[in-house]
Each structure stands twice: as structure tokens, then as C-alpha cells.
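A structural walkthrough
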Amino acid sequence: LLIAILVILAIARPLIPSGTAIPAGGPILLVFDDGWSSARDFEARRDRALRILDQAERENRPVALVTTADPLPGQRREVDLSPPSTLRSTIGALQPKPWGRNLEAVGGLIASADLAADTTLVWLREAIAGAGGPEFGERLAAIGPLVIIDGADGGPVWIDDPDPAELSLTAELRRGTPVGDRPVGVRAIAEDGRVLTRQSAAFDADSDRLTVEIELPTELRNDVARLEVEEEYTAASVFLMDERYKRRPVGLVSARDFEGSQPLLDELYYLDRALDPFTEIRRGDIDSLLERDLAVVVLADAGGLTFEQRGKLESFLDGGGVVLRFAGERLAASGADAGGEALLPVRVRRGDRTLGGALSWSRPEPLAPFDATSPFAGIEVPDDVTVSRQVLAEPSIDLGEKTWARLLDGTPIVTAERRGDGWLVLVHTSANADWTNLPLSGLFVRMLRRIVALSQGVGGTSEQAMSPYMLLDGFGALGGPVAGTEPLPAAAARA
């Protein structure tokens, strides 16, 4: 009996309605939103499109399919009427794009197409309205009868760019429809897929923005590879963390204790003020600082180092850390006498070049613009930043390669040398305002941020275009690059 019933049903060919009232007669132009926000209910919308093809096939009506997101490299978007059966495989292969719709381009394409007067337009619209949506709907309605099929209720939730300057890691969430309370969960994922933490929050009834703080220790925060909104599965619900968002703890070492009564004279004061907004500052001697994970060790005119201290700092450099040194009276007094034991990127002369001294200047010397190969490339140098005293580097064949910044007269003011996977950097002037007004400027902050970013194996800038490594698809999953993907210019990556 069961077999007989199935045979009868097969012969009868029962009809499954499309679920949408589509006016009879004439061709059908199916406009399918396939931008990133369509991913959250993409399967349901694709099934709806297939049911519309079933109806068109029963009524013997040709169908044209137009997707609204820009096509992948090498693909073209055209308005071609075809038998419904030929479009089944095309719709079955549709995938959401990781970018948004381009309604202006699609509107112009449809307007230029030679469509019959009785064409029915069906717009499978994604949940978020977006810019240009109402105008696009009006353009479609002016062509012929328009049927709009909306996506899932509630709209998508996505992540805006967190501020890398904030000490705490936050996920800035937005939603398309600010109606009603809406709970959300945000997960921090490591590169190997481990869930490091999960934070719960909820949108207020009439709000479309929500800030969720991700609470993690510094060591675990640097393991975060991506933030994602649970149960969304779109490209915009995932934020990939790059080197800008890593917290790099900085250890400050000084030859004398911090003098709270005269902070402006202390070597650490300006460093502390410049680094504190975007790093975790730790103070102590070299031994105690290196007991914990550090990205940068800063020595403000620390003078001579013991054999044991040099060994620990060299091991720290080999592991990818940065040792940043500043000149001062102690370094000027030792100079080249310390030889290779000074832990300096270049040999320096004993004494210093000072205004009115043996190597005198007629006036304080300003900084020259940074070279394109310097890690400081692209930073504008203010005219009012000057240096009145410095320690001079001994001339050598590789001095030019080791120079990251110069004064206007060509003498190096910042030199560096690769040590293992890390960098040894020397600023040839003081960390306070005794020898220069650099610590009083915003340039000091920007230069320090570039130096800190070099830590833990992060390289300097590159002028070459970078080939794609992995791409985020419309569902928010990482995969290999597709054919035709263009390299990313290095300038765009730095921006």
C-alpha cells in the first residue's frame, strides 16, 4: 500500500507553492541580494528562489537572474532571460559575498536591459535596508510589477573596527534593526580555534550600538586571532585581529629611582606618558622585568651593563623582543670604550655633540624627513622638533643601513640593528627634555608606537604588494584565495 501511494503521488506530481503571490504572465526578473548580510538566512532565501523557478517552469515563463553584490574577479553580471531549468544549477551554486551590495550598479544594469513591458520583478531582499535601498526599490517598481520578499526578521549584528589605542579589548557591535531587547554573545577565538573567552551582553530596546568588553589577561589577549558574534555566520560578524591589537607590555629600566617630586627631570616620565595610552607599562630592574613576558625593554641612559644583564637582554632579543636605549650623560661618558660589550647597534664616540661644546652647533638641529625604508616612513616631522645634544655614531660601512632617522645635517639620531628575531634600537639623544624637545611632541609618541610594533617578530614596513594568503568568505569562514584575487598594496595594509 505504501509503495502504491508513493507511485500515485509521483504520477500526480504534487505542487509545492513558492509561498509568494507572483502576478501571472510575462517574464520574471529575479533580483537576488547576495551581500554579506544575506548569509544569515541564505539557504532559506535560495530555497525560495528555487520555488519561484518551479512556478515559472509550470507557467512556461522565462527568468533572468541578477545578483546585487559585485561579482568575483573574472565573473560578469548580465540580464539574460533563460528557461527556468537552466538557472537551477546557477542558483544552487550561489554563495554570499563577503562584501555588500552595489545597488547603483545593478540599477543601471537593469535600466539598460531590454525588458518586456509585462516583466515581473521579484526582489529577494536581505534583512538590512542599507544605503540606497528605497531608491533602488523605486527604480524597480518603475519598470514593472514588483514583488519584494524580505529576509529573516531581526536583521544582522556586525562588528565595527575596535580602537587599537584602547587598553581594553572591546567589540563594537551594531545591528540593522534597533527594535526590542536582543541578547548577543561574543567569542574571542585563538588562531588554532580555541575559544579563549565568551562575553554576553544585550542591545537596549531602541539602540543599534553595543560595546562589549573582552576581559582577558595580557598574555591571552595576544593570542586572540578573531572576534565573532555567535549565531550570525556572516563576514561582518567576524573581526580578524592583526598586529595593531596586540598588547605589548613594555618594561622601563632606569639608572635611578623615579623622583616623584621632580617628574619632569626624570628619564622615565616622558616615556611613561607617551607609552601608557596604548601599552601596559611595567617598572623594575632588568632581572625582575624579564621574569614575565615582555615585548620591549627600555633603558633610559642606563650606563654600563653587567655581563649577566647583557646575556639576559641578548636572549630576549633572540626571542623577538625589542631593546630600546636612549643616550645621556652616562652613555656619552662610556662611548666607544665599552666596545662590543655596550649592547649598542653602532659604535659611538666618547662625549657628546652639544650646543656650544667642542663639536658645537650654531643652533639646535631639526630632524630630517624619514626615509621610505625606515619603520618611521609616512610620519610627518614637525618643524619645531629640534635636538641640541646627541652622541655621535662612529662612521662605518653599514651605518647608513642601520640608520632609521637623521638630523637635517645627516647625522644619525636613531640607529638599529637586527639581533636574532628582535631589534636593538638606540636613540642618540635623551629620553627627557634635557637634550631635545622631542619628548614634548606628538612625534615622540608616534615613533615609540612604531618601535613597539616591531616586537615579537613583527617586521618593518614593506613597499611590495602582498599576495593574498587567506580570504574571509560570506559566511565568515577563512579559506584559501580564489582565482583572480589581486595583491594588497603595502600602503593599504599600513592604513
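Attention now goes to helix H4 (residues 103-112). Of the residues making up H4, those classed as buried are Leu103, Val106, Gly107 and Ile110. Buried residues along H4 cover an arc of 100° about the axis, so they all sit on one side. Exposed residues lying more than 90 degrees from the buried face of H4 are Glu104 and Ser112.

Here we take up the packing of aromatic side chains. Taken as a whole, this structure holds nine aromatic pairs when the rule is applied. Ring centres 5.6 Å apart and planes at 70° place the aromatic pair tryptophan 36 and tryptophan 158 in the edge-to-face group. With a gap of 122 residues between them, tryptophan 36 in the loop between strand E1 (28-32) and helix H2 (42-58) and tryptophan 158 in strand E5 (residues 157-160) connect regions that are remote in the sequence. Both residues of the pair, tryptophan 36 and tryptophan 158, belong to the buried class. Between phenylalanine 326 and phenylalanine 444 the ring centres are 6.2 Å apart and the planes differ by 55°, which places this aromatic pair in the tilted class. Highlighted residues: phenylalanine 326 in strand E15 (residues 322-326) and phenylalanine 444 in helix H12 (residues 442-453), separated in sequence by 118 residues. The exposure class assigned to phenylalanine 326 is buried, which follows from its relative accessible area of 3%. Given the relative accessible area of 4%, phenylalanine 444 is considered buried. An aromatic cluster is present here, built from Phe370, Phe376, Trp404 and Trp423 joined pairwise through their rings.

Basis of the calculations
- Residues numbered from 1 in each chain as written.
- Predicted model: local features only at pLDDT ≥ 70, side-chain atom pairs only at ≥ 80, totals over all residues.
- Heavy atoms only, no water.
- Buried < 20%, exposed > 50% of the residue type's maximum accessible area, 1.4 Å probe, protein only.
- Helix = DSSP H or I, 4+ residues; strand = E, 2+ residues; numbered from the N terminus.
- Arc of directions from axis to C-beta.
- Phe/Tyr/Trp six-rings, centres within 6.5 Å; stacked < 30°, edge-to-face > 60°.

On their own, these measurements won't tell you what the molecule is for.
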